[in-house]
Amino acid sequence: MLGYRHPDYAASLGEFGTPRELPRCGGWILERQIPGSPYRDAMGCYPLFCCQDWSQLHADIEDLGDDLVSLSLVTDPFGAYDVAYLQQCFKDVVIPFKEHYVIDLHRPMDEITGKRRRKHARRALREVQVEVGQAPVAYLDEWTALYGNLIRKHEIRGIRTFSKAAFATQFGIPGAVMLRAVRDGIVVGAQVYFVQDDVVHCHLGASSEDGYAVGVTYALDWVSIETFADKARWLNLGGGAGTETDGTDGLSEYKRGWATDTRTVYFCGRILNPQRYAEIVQAKGLAPTSYFPAYRAGEFG
């Protein structure tokens, strides 16, 4: 299964850029118009850049030439690379971005979950029934409603909002799975996963207010471990909330309670056309910033 590497995943983000394949490594990026400029740059697909052959990424980047101003992306925590190689590919920025919390599915359940997690999961499972759907597109409308609640609750904006059309495309990708928590005949929570080789990525989760009240995420996470234990080696729960986290936010604390390991993802950036990059920064009159690219500072804030 290709998961985030599938061309349809890049296509699902077409509202935010034009998908472009990196043919040597088998990954995808999004070309975007730079606001207030005639030039374009590129970013990796949100939330992770994944590719088939990391050893060829540097060649693909060189092939981009200087038509694009810059390239930025966040790496797959299970990618076959090391920091030295990333620095070869991205000569301007390579920094640890987040820790992703992962579960070794070959470990026994009692080694994965402590007594407190088991207690919360059992309590939630008395309130809801979790169903596993191999064709998530059948539940598109109810998922969109749940995700709309998440958007309002956390004031999500930009590419992270996705759209109903984006979800319709994503849910048709082979290996997409949705776990649905049903209470009294009503869906109160759901999580979407992509099976990608020997890793299952938890793509997104959302709940109604009733779902939050009964701790539905405990039930969904418990069943996800049971569901994927014989289908993959790793379950990637993702990182903490926001674009920057030191691991002390509530979401990080929650995921840490399930994780058996952590994997670092890196933010990487490269200026492909230094002259145009400097021209844009100067034209915008930007103050010095560590954000990359500087001319897009705050876009994910």
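Chemist: Just give me the short version of the sheet that holds strand E6 (residues 129-133), but keep the residues and values in it.
Modeler: Read across the sheet, 11 strands follow the order E1-E2-E3-E4-E11-E5-E10-E9-E8-E7-E6 without closing on themselves; strand pairing throughout is mixed. Looking at which strands have only one partner, the edges of the open sheet turn out to be strand E1 (18-22) and E6. Going from strand to strand, the sheet's axes swing by 25 degrees on average, the running direction of each strand aside. One ladder, built from 5 bridges, connects strand E2 (residues 27-33) with strand E3 (residues 40-44); its direction is antiparallel. Each bridged residue has a counterpart across the sheet, and for Leu30 the counterpart in E3 is Met43. The strands that helix H6 (residues 140-154) touches are strand E7 (176-183), strand E8 (186-196) and strand E9 (199-207); relative to E9, the one it contacts most, it runs at about 75 degrees. Strand contacts of helix H9 (residues 216-228): strand E5 (93-104), E6, E7, E8, E9 and strand E10 (234-236), with the helix running at about 35 degrees to E8, the strand carrying the most contacts.

Chemist: Residue-level account of the packing of aromatic side chains, with values.
Modeler: Inspection of every chain in the model, using the stated rule, returns 22 aromatic pairs. Seen from their ring centres, Trp54 and Tyr81 are 4.7 Å apart, and the 55 degrees between their planes marks the pair as tilted. Here the residue Trp54 occupies a position in the loop between E3 and helix H2 (57-63), and Tyr81 occupies one in the loop between strand E4 (68-74) and helix H3 (83-89), the gap between them amounting to 27 residues. This pair shows no difference in class: Trp54 is buried, exactly as Tyr81 is. Ring plane angle 45 degrees and centroid distance 6.4 Å describe the contact between Tyr218 and Trp258, whose orientation is recorded as tilted. Of this pair, Tyr218 sits in helix H9 while Trp258 is found in the loop between helix H10 (250-256) and strand E11 (261-271), placing the two residues 40 residues apart along the sequence. Accessibility expressed as a relative area gives 15% for Tyr218, which makes it buried. Classification of Trp258 as buried rests on a relative accessible area of 0%.

Procedures and definitions
- Residues numbered from 1 in each chain as written.
- Predicted model: local features only at pLDDT ≥ 70, side-chain atom pairs only at ≥ 80, totals over all residues.
- Heavy atoms only, no water.
- Pairing = 2+ DSSP bridges.
- Helix = DSSP H or I, 4+ residues; strand = E, 2+ residues; numbered from the N terminus.
- Axes fitted to C-alpha atoms, helices over the stretch in contact; angles between N-to-C directions.
- Contact = heavy atoms within 4.5 Å.
- Phe/Tyr/Trp six-rings, centres within 6.5 Å; stacked < 30°, edge-to-face > 60°.
- Buried < 20%, exposed > 50% of the residue type's maximum accessible area, 1.4 Å probe, protein only.

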